[in-house]
Amino acid sequence: MELSNYIEHTLLKPDATKEELEKLYEEAKKYKFKGVCINPCNVKHAAIYLKDSNVKIVTVVGFPLGANLSEVKVFETQKALDDGADEIDMVINIGELKNRNYDYVLSDIQKVKRMCGEKILKVIIETDLLTKEEIIKACELSAKAGADFVKTSTGFVKNGIGATAENVELMYKTVSSQGLQVKASAGIRDKEKALALIKAGATRLGTSSGVAIVESR
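The structure presented is a predicted model; accordingly, all values stated were derived computationally and were not measured.

## Brief notes about the overall build of the protein chain
Step number 1: Summing up its helical and strand segments, the protein chain has 9 helices and 8 strands in all.
Step number 2: Compactness check: the protein chain gives a C-alpha radius of gyration of 16 Å against a globular reference of 17 Å for 217 residues, within 12% of the reference.
Step number 3: By principal-axis analysis of the C-alpha atoms, the protein chain measures approximately 45 × 35 × 30 Å.
Step number 4: Per-residue burial for the protein chain yields a buried fraction of 50% across its 217 residues.
Step number 5: A separation threshold of at least 6 residues defines the contact pool for the protein chain, and within that pool the share at least 24 residues apart is 67%.
Step number 6: As presented, the protein chain carries roughly 10,400 Å² of accessible surface, and 49% of it is formed by carbon and sulfur atoms.
Step number 7: Between the mean site of the 32 positive side-chain charges and the mean site of the 31 negative ones, the protein chain shows a separation of 2 Å.

This is how it looks when you write it as structure tokens:
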């Protein structure tokens, strides 16, 4: 197993500097990571920096709360794609999911997926804030909306656990028959956890510890 093929090398902290981002890009190229996951304001620079590589540029929409209006998420998506993003990770409207306003949640995802077209859309459901039943429902809505992945976490929930093998397995069992994949993110800091999440069904890992994971013996 080539762990590097699973990893989206991630830097989403608000105070990320140009030097830190360029270090991220260089590491992604060196270790042949699947992609980098960065904030929207950095996509254009990343597209220039990584233009001669196979590293995917992944960015986030409605991040980290998911509470933006759908129209704003659509605009963010359009701008990110115009700037060179290859994949979009959007946060669902968590409050509306908990309100059982499923039509709204479905429409929110559908609108972003229509803007994505053939580009990959991952739907961040924020498992730390959901019950098991809500996780299943969020996955079902994502599948119905035409998303390509469901994703565990933003990494921005205070005292959040992040990705767990239990939740990844639940998500995988819910969506795999419908052709969706699972991205695990947040709290993935070592090879042991990375392998456990892959065993549970994850095909992507969002982590800022990619170098440590692949260099681990």
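## Structural notes on the pattern of salt bridges
Step number 1: Overall, the coordinates contain 18 salt bridges when judged by the stated rule.
Step number 2: One salt bridge in this structure joins Glu 27 and Lys 23, with 2.7 Å as the shortest N-O distance. Pair noted here: Glu 27 and Lys 23 are both in helix α1 (residues 18-30), with a separation of 4 residues, about one helical turn.
Step number 3: Assessed through its relative accessible area of 17%, Glu 27 is described here as buried.
Step number 4: With a closest N to O distance of 2.9 Å, Lys 113 and Asp 148 form a salt bridge. Here Asp 148 lies in the loop between α6 (132-145) and β6 (149-151) and Lys 113 lies in helix α5 (residues 102-116), a separation of 35 residues in the sequence.

## Examining the pairing of strand β2 (residues 35-38)
Step number 1: The alternating pattern of β2 places Gly 35 and Cys 37 on one face and Val 36 and Ile 38 on the opposite face, and all of these are buried.
Step number 2: Here strand β1 (residues 7-11) pairs with β2 via 4 bridges, running parallel. Paired with Leu 11 across the strands is Ile 38, a residue of β2.
Step number 3: With α1 bridging β1 and its parallel neighbour β2, the resulting β-α-β unit is right-handed.
Step number 4: Where β2 meets strand β3 (residues 56-61), 4 bridges bridge the pair, whose relative direction is parallel. Following the sheet pairing, Cys 37 is matched in β3 by Val 58.
Step number 5: The handedness of the β2 to β3 crossover, carried by helix α2 (residues 43-49), is right-handed.

## With respect to the state of the cysteines
Step number 1: In the structure shown here, the tally under the stated rule is 0 disulfides.
Step number 2: Residue Cys 116 stays outside any disulfide, its sulfur separated by 13 Å from that of Cys 37, the closest cysteine.
Step number 3: Here Cys 139 stays free of any disulfide, with the sulfur of Cys 116 as its closest cysteine sulfur at 18 Å.
Step number 4: Given a relative accessible area of 0%, Cys 139 falls into the buried group.

## What about the sheet that holds strand β4 (residues 87-91)?
Sheets are built from strands that pair by backbone hydrogen bonding, the pairs being arranged parallel or antiparallel.
Step number 1: Spatially, β1-β2-β3-β4-β5-β6-β7-β8 is the arrangement adopted by the 8 strands of the closed barrel, whose pairing is parallel. The mean inter-strand angle of the sheet, taken between neighbouring strand axes irrespective of direction, is 25 degrees.

## Let's talk about the packing of α6 against helix α7 (residues 165-175)
Step number 1: α7 packs onto α6 with a crossing angle of 40 degrees between their chain directions and a minimal axis gap of 9 Å. Relative to α7, the element α6 lies oblique. In this structure, α6 meets α7 at a crossing whose hand is right-handed. Of the residues in α7, those in contact with Lys 132, Ile 135, Ile 136, Cys 139 and Glu 140 of α6 are Glu 166, Asn 167, Leu 170, Met 171, Thr 174 and Val 175.
Step number 2: Split into classes, the residues belonging to the contact of α6 with α7 amount to 6 nonpolar, 2 polar and 3 charged.

## Considerations on the nonpolar core
Soluble globular proteins: nonpolar side chains tend toward being buried together.
Step number 1: Ranked by size, the top nonpolar core spans 66 residues in total, and within it Ile 109, Leu 121 and Ile 125 carry the most contacts.
Step number 2: Per-element tally for this core: the top contributor is α6, with 6 residues.
Step number 3: Ignoring anything within four residues of it in the chain, the contact list for Ile 109 reads Met 90, Ile 92, Leu 121, Val 123, Leu 141, Ser 142, Ala 145 and Ala 147.

Rules used in this analysis
Residues numbered from 1 in each chain as written. Predicted model: local features only at pLDDT ≥ 70, side-chain atom pairs only at ≥ 80, totals over all residues. Heavy atoms only, no water. Helix = DSSP H or I, 4+ residues; strand = E, 2+ residues; numbered from the N terminus. Rg over C-alpha atoms; globule rule 2.2 N^0.38 Å. Buried < 20%, exposed > 50% of the residue type's maximum accessible area, 1.4 Å probe, protein only. Contact = heavy atoms within 4.5 Å. Areas by Shrake-Rupley, 256 points an atom, 1.4 Å probe, with all protein chains shown as cover. Lys, Arg positive; Asp, Glu negative; His and termini not counted. Charge placed at Lys NZ, Arg CZ, Asp CG, Glu CD. Salt bridge = Lys/Arg side-chain N within 4 Å of Asp/Glu carboxyl O. Pairing = 2+ DSSP bridges. Right-handed = clockwise from strand over helix to strand, strands pointing away. Disulfide = S-S within 2.5 Å. Axes fitted to C-alpha atoms, helices over the stretch in contact; angles between N-to-C directions. Parallel < 35°, antiparallel > 145°, perpendicular 65-115°, else oblique. Left-handed = near helix turned anticlockwise from the far one by under 90°. Nonpolar A, V, L, I, M, F, W, Y, C, P; charged D, E, K, R; others polar. Core = buried A, V, L, I, M, F, W, Y, C linked by side-chain atoms within 4.5 Å.

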